[in-house]
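What follows is the residue order along each chain.
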Amino acid sequence: MSRLWERLRRRPELVTVCLEPPPPAAPDASPGVPVAEREVEPVMEPLSRPLPDSLTCPSCKVTVPVTGARVRQICQYCGNFYNAEANANVALRRPQNGGVSLPLIAQVGRGPTAISAALLSHLGVNLSPLAMASVIYTPALPPIPTTPPRTSSSRLSTANSIRSSRSIESLLSSSTGSQSLRRPVYPVHQKRREEFLTDVQKARESDNYADISVYLRTIFESFADICAAFKEDPERDGANVDSPELKMEFLYAVHDALQSMPSIVQKSVLKSIINSLLQEKRRLFHKDEVRALFILVQSPLFAPQSSYTVFAHLLRQLTTLSNGDHQILMRWFRCLEAKRLKMIVSHIIQFITIRQFPPADASLPPLNKSRWWIPTAIKVLALINAANNAASPALISYTEFYNHALDHVDLMQEYANWQTPDRPDRFSYCQYPFILSIVAKRTILTKDSEQQMILTARRSLVAKVSRHQPPQIDVFFLNIHVRRSRLLEDSLKEIANKQRDLKKKLKVTFSGEPGLDMGGLTKEWFMLIIRKVFDSSYGMFVYHNKSRCYWFSTTHSGSLREYNLIGVLMGLAVYNGIILDLRFPHICYKKLLSPPVVPTMEHVAVGIAKHPTLEDLAQIMPEVARGLKELLAYEGNVEEDLCLNFHVSIEEFGKVITVNLRENGEEVPVTNENRDEYVRLYLDWILNTAIYEQVRAFYLGFHTLGASNALLMFRPEEVEMVVCGCPTINLSELKKVTEYDGYTPNHEVIQNLWATLEEFSTEDKKRFLLFVTGSDRVPVGGMGEMTFKVSLYPNKEEMLPLAHTCFNQLVLPAYRDRATLKQKLSVAICNAEGFGLE
């Protein structure tokens, strides 16, 4: 802004001072009404009229649909009013809190520009008192030269200039210069998809690509050519947020044809794309720059490494767009086919991988000149990820954004960079967690937990030494001593008495058993206590047969300690890397991350599912969710035909309870008009209100140990996988990582073992996994991430197989045939509880 003031000072001829007094004020037609209100009323009056199905912003030309009872009056993409008169009225933009505001430059239609005396005073122009009291009129100001091309260093100021509807410079540059009023003139490209495909087919048959190469070079030579070729209406000024208004089938045909063209044609088209990206003075219709970049980022030409320099500059131009343009791009990405969106994502992920792990041939620019490549690419990927998350359902799986190559970077250094408060501008992959795989996030969470364990143990040791007490080995562990006969009571007592030690390494001892805990006893303790807590006799959780999952009891009236214990157990399991067999619906893990960090103020609600949906309810009560969907879609008279009121009844453990969803709900009928409210209140009651205290205790218990900033990087689906493991058992993956002691992979006994396991049912495979590892769940990353060892048990053919669950080791006698092996192994896996020492 200071540059504008300096420019006007240097050119005083732009300001023509008229010493005539101001015209007399009009008589006050509405005495007693403030002047500002009288100015606002005629401007806002058109906004109260009935509006069409869509609104088009007069400034940025973006068209948005009108939905809901309340109509948006300010464009979310540029910040201006949809009403042209409101845009010109300063009363609507003047701060109401007495803050400092810039002097007004008013522009009315295409006439002269009015500049107030306050502006001239601000510019340092000395005027007489008479002139200062008057409004000075000047001819139209000459157009101010456009700003130079945007770079990454000026990205923020550029975006702010575009977004700010109060910018004096933007108002002056949009004044009535003849050059700025000329409409863009686009070339004519009228070829249709069918004609293009015919030309491609002829080129392939004749092996002569000259004509098609010329055409492709022409339509990608500039942004104007790109829009003229692919826009549905090349003369259309502006954009529709719900559609890019492109000939998408034609665009897909061109991209598909380019993918299979000879390399010489691809190189010539790439040169045209370079020219279009380097073009500085682009005369385009509103939002056509966004359209052209949207078209180019879908190009298959950016798959090879040789095009990465061009691809990097394309991505940079995408990131330097304004915030409003980014919002439009997000809406447009949702219009793409899933395979097209997946292709863009794969191109960017491969681009990041090659830049992170460059080839040895030095084919890429040096790192000091291309350090901005990765942050720029990830920002574009973040736009696509946000677009994908906003779609319902998502176009592609969130796992498509994983870059598994990043599993091999220094993850803890990335985590430390992210945690460093004195360098908030330092780039870290942890800033964009969607790109990190579940294995990478699990690694960060595990190592962060280990660091906390070491720190807690060190503090305990220092405290012992400071009190002149001899240190013992137990000071480094959280020691849990329980009896199998009173498992739940002993566990509650131990956890309550050892709150300070919860962040130490867990070690479990069963009374009366000689087993040493190297990990196996801990796994069994978790399994047994989870089985005990979820038993229906405790009345804490209700099992739903249709969905085969547990949900919190709405009628539980006892202590909340048990719910807190379940949360602590989940936190302990994550903290110690143990997989649990929990059958909670997906919404439960949403609640654990609402919010992902415990608020410092106790009155803040936690564990609340925001805007629960029928899909969330269907995970627990699919029949109820189906009934509510039918209620919303019912075309008859809801009140007379269905006879519903605003109260619900639910049965748990043989008891039926009835609750009003609103005051005097039993007397308020559900009608066609209020059925949406009924469904909303029903969902909120069953998923939030009725179980809030139970969920709160559960949430706080989990975050007693799970209070790590690493959880901020996790999605609910990923938390579920960390807690419960992978749901699929893939024996081929386990076979690849198996080690042998006393056997070889081709030994007859080993061949019989794998053939027997393949014949097992899914339940028997889980029993085998439980027998060998102490858990029937597959760890994060699949069975390929496990360690598994098969050892020979010599001269013990009459014995059953043994297992060392601490080390995932199977001790297998050399049985004489496959039938004997199957019979012995089946007996072993069906009686796998308890520990002993030889």
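Refer to the structure printed above.
Criteria and cut-off values
- Residues numbered from 1 in each chain as written.
- Predicted model: local features only at pLDDT ≥ 70, side-chain atom pairs only at ≥ 80, totals over all residues.
- Heavy atoms only, no water.
- Helix = DSSP H or I, 4+ residues; strand = E, 2+ residues; numbered from the N terminus.
- Buried < 20%, exposed > 50% of the residue type's maximum accessible area, 1.4 Å probe, protein only.
- Contact = heavy atoms within 4.5 Å.
- Areas by Shrake-Rupley, 256 points an atom, 1.4 Å probe, with all protein chains shown as cover.
- Pairing = 2+ DSSP bridges.
- Axes fitted to C-alpha atoms, helices over the stretch in contact; angles between N-to-C directions.
- 1 Å grid on protein atoms, 1.4 Å probe; cavity = no way out; pocket = protein on both sides within 12 Å on 5 of 7 lines; lining within 4 Å.
- Points joined across faces, edges and corners; volume = space filled by probe spheres on them.
- Nonpolar A, V, L, I, M, F, W, Y, C, P; charged D, E, K, R; others polar.
- Salt bridge = Lys/Arg side-chain N within 4 Å of Asp/Glu carboxyl O.
- Parallel < 35°, antiparallel > 145°, perpendicular 65-115°, else oblique.
- Left-handed = near helix turned anticlockwise from the far one by under 90°.

Side note on the overall build of the protein
Now for step 1: Helix and strand counts for the protein stand at 35 helices and 16 strands.
Now for step 2: In the protein, which comprises 838 residues, the proportion classed as buried is 45%.
Now for step 3: Summarising the internal contacts of the protein: among those between residues at least 6 apart in sequence, 70% fall at separations of at least 24.
Now for step 4: Total accessible area on the protein is roughly 42900 Å²; 52% of this is exposed by carbon and sulfur atoms.

A word on the sheet that holds strand S16 (residues 809-813)
Whether parallel or antiparallel, the strands of a sheet pair through hydrogen bonds between backbone atoms.
Now for step 1: Spatially, four strands are ordered S13-S14-S16-S15 in an open sheet, and the strand pairing comes out mixed. Edge positions in the sheet fall to strand S13 (738-741) and strand S15 (802-804), since each has one partner strand and no second. Neighbour-to-neighbour, the strand axes of the sheet open up by a mean angle of 25 degrees, direction not taken into account.
Now for step 2: Inspection of the sheet shows S13 paired to strand S14 (residues 788-793) by four bridges, in the parallel sense. Bridge pairing in S14 links Asp741 to Ser791.
Now for step 3: Running at roughly 120 degrees to S16, helix H33 (residues 748-759) makes contact with S13, S14 and S16 of the sheet.

Side note on the layout of surface pockets
Picture a little ball the size of a water molecule; that probe, rolled over the atoms, points out where space is still empty.
Now for step 1: Quantified by volume, the second largest pocket comes out at close to 1200 Å³.
Now for step 2: Lining the second largest pocket we find 42 residues, and of these Asp581, Arg583, Lys766, Asp776 and Arg777 sit closest to its centre.
Now for step 3: At the level of elements, helix H23 (520-533), strand S10 (549-552), helix H31 (716-724) and helix H34 (762-773) are the ones that each hand at least two residues to the lining of the second largest pocket.
Now for step 4: Looking at which element gives the most residues to the lining of the second largest pocket, the answer is H23, with five residues.
Now for step 5: Here the lining of the second largest pocket is composed, by residue class, of 23 nonpolar, six polar and 13 charged.

Examining the pattern of salt bridges
Now for step 1: Following the criterion strictly, the structure yields 27 salt bridges and no others.
Now for step 2: Put simply, Glu337 and Arg340 hold a salt bridge, and the shortest N to O gap is 3.6 Å.
Now for step 3: Overall, Glu337 belongs to the partly exposed group, its relative accessible area being 31%.
Now for step 4: Using a relative accessible area of 9% as the deciding quantity, one classes Arg340 as buried.
Now for step 5: In this structure, Asp616 and Lys590 form a salt bridge, with 3.4 Å as the shortest nitrogen-oxygen distance. Highlighted residues: Asp616 in helix H26 (residues 614-618) and Lys590 in helix H25 (residues 586-592), separated in sequence by 26 residues.
Now for step 6: Relative accessible area serves as the criterion here: at 6%, Asp616 is assigned to the buried category.

Some details on the packing of helix H15 (residues 308-319) against helix H19 (residues 373-390)
Now for step 1: Interaxial distance between H15 and H19 falls to 9 Å at its minimum, and their mutual angle equals 55 degrees. With respect to H19, the axis of H15 lies oblique. Crossing angle aside, the handedness with which H15 passes H19 is left-handed. Counted together, Tyr308, Thr309, Ala312, Leu315, Arg316, Leu318 and Thr319 of H15 and Trp373, Thr376, Ala377, Lys379 and Val380 of H19 form the full contact between these two elements.
Now for step 2: Of the residues assigned to the contact of H15 with H19, the class counts are seven nonpolar, three polar and two charged.

Points about the packing of H23 against helix H24 (residues 561-576)
Now for step 1: Axis separation between H23 and H24 bottoms out at 11 Å; the angle between their running directions is 155 degrees. Judged by the angle between their axes, H23 and H24 are roughly antiparallel. The handedness of the crossing between H23 and H24 is left-handed. Of the residues in H24, those touching H23 at Trp525, Phe526, Ile529, Ile530 and Val533 are Leu565, Ile566, Leu569, Leu572 and Ala573.
Now for step 2: Of the residues assigned to the contact of H23 with H24, the class counts are 10 nonpolar, no polar and no charged.

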